[in-house]
Amino acid sequence: MELKKEVKLEDRKSNLTLENRSKLFLTGVIEVISFNEEKIFFNTCKGSLVIKGSGLKMNKLDVQNGEVLIIGTIDSCVYTAQQVKKDKETIISRLFR
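Every chain is numbered on its own, with residues counted from 1 as its sequence reads. A pLDDT threshold of at least 70 governs which residues receive local features in this predicted model, and a stricter bar of 80 or more applies before side-chain atom pairs are shown or counted, although totals over entire chains, interfaces and linings include all residues. Think of the side-chain values as coming from all heavy atoms in the structure, minus any hydrogens and water.

By the naming in an unreviewed UniProt entry, the protein is Spore protein YabP, taken from Clostridium oryzae.

Right, dumping it as structure tokens:
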């Protein structure tokens, strides 16, 4: 049986590997904020990350290890220092504005 060590959030490594602008492998992902076929928002251990492109799909999402595999046409990858917070507004509160 293989035992995995728990790695602290601060000690996690964040890697981004892009192959032929069509396959992107990320590590260090904390959470997926939002996604569609043109834009995916992540919180990573090194800040927030926005992936833009077309036909984007998450083929692999391993939240426990912080790994994501994205396929599609990748146009840009942009990091910002601050992490994005999820919108805590519920559907009902949006309906009754």
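1. A word on the environment of Asp75
What counts here: Only DSSP runs of H or I covering at least 4 residues are called helices, and only runs of E covering at least 2 are called strands; the numbering of each starts at the N terminus. Throughout, a contact is declared for two residues whenever any of their heavy atoms are within 4.5 Å. We call two N or O atoms a polar contact when they sit within 3.5 Å, provided that within protein one can donate a hydrogen and the other can accept it, with sequence-adjacent residues counted only if both atoms are side-chain atoms.
By the element assignment, Asp75 lies in strand E6 (residues 67–80). Once the C-alpha coordinates of Asp75 and Gly53 are considered, the two residues, 22 residues apart in sequence, prove to be 4.7 Å apart. Not counting the four nearest positions on each side in its chain, Asp75 is found in contact with Arg21, Lys52, Gly53 and Ser54. Side chain to side chain, Asp75 and Arg21 meet in a polar contact 2.8 Å long.

2. Side note on the sheet that holds strand E3 (residues 29–35)
Put simply, the rule is: For two strands to count as paired, DSSP must find a minimum of two bridges between them. Axes here mean lines fitted to C-alpha atoms, for a helix over just the part in contact, with angles spanning 0 to 180 degrees between N-to-C directions.
With respect to topology, six strands assemble into an open sheet ordered E1-E2-E6-E5-E4-E3, the strand pairing being antiparallel. Of all the strands in the sheet, the pair left with one neighbour each is strand E1 (16–19) and E3. For this sheet the average axis-to-axis angle between neighbouring strands, irrespective of direction, equals 35°.

3. Points about the nonpolar core
The criterion, for reference: What is meant by a nonpolar core is a set of buried Ala, Val, Leu, Ile, Met, Phe, Trp, Tyr and Cys residues, joined one to another through side-chain atoms within 4.5 Å. Using a 1.4 Å probe on the protein chains alone, a residue whose accessible area is under 20% of its type maximum counts as buried, one over 50% counts as exposed, and one in between counts as partly exposed.
Counting residues in hydrophobic clusters, the biggest one holds 12 residues: Leu24, Leu26, Val29, Val32, Ile40, Phe42, Leu49, Ile51, Leu56, Val68, Ile70 and Ile74. Among the secondary structure elements, those contributing two or more residues to this core are strand E2 (23–27), E3, strand E4 (39–44), strand E5 (47–62) and E6. In this view, Leu24 contacts Leu16, Thr17, Leu18, Ile51, Val68, Leu69, Ile70, Ile74 and Cys77; residues no more than four positions away in its chain are not counted.

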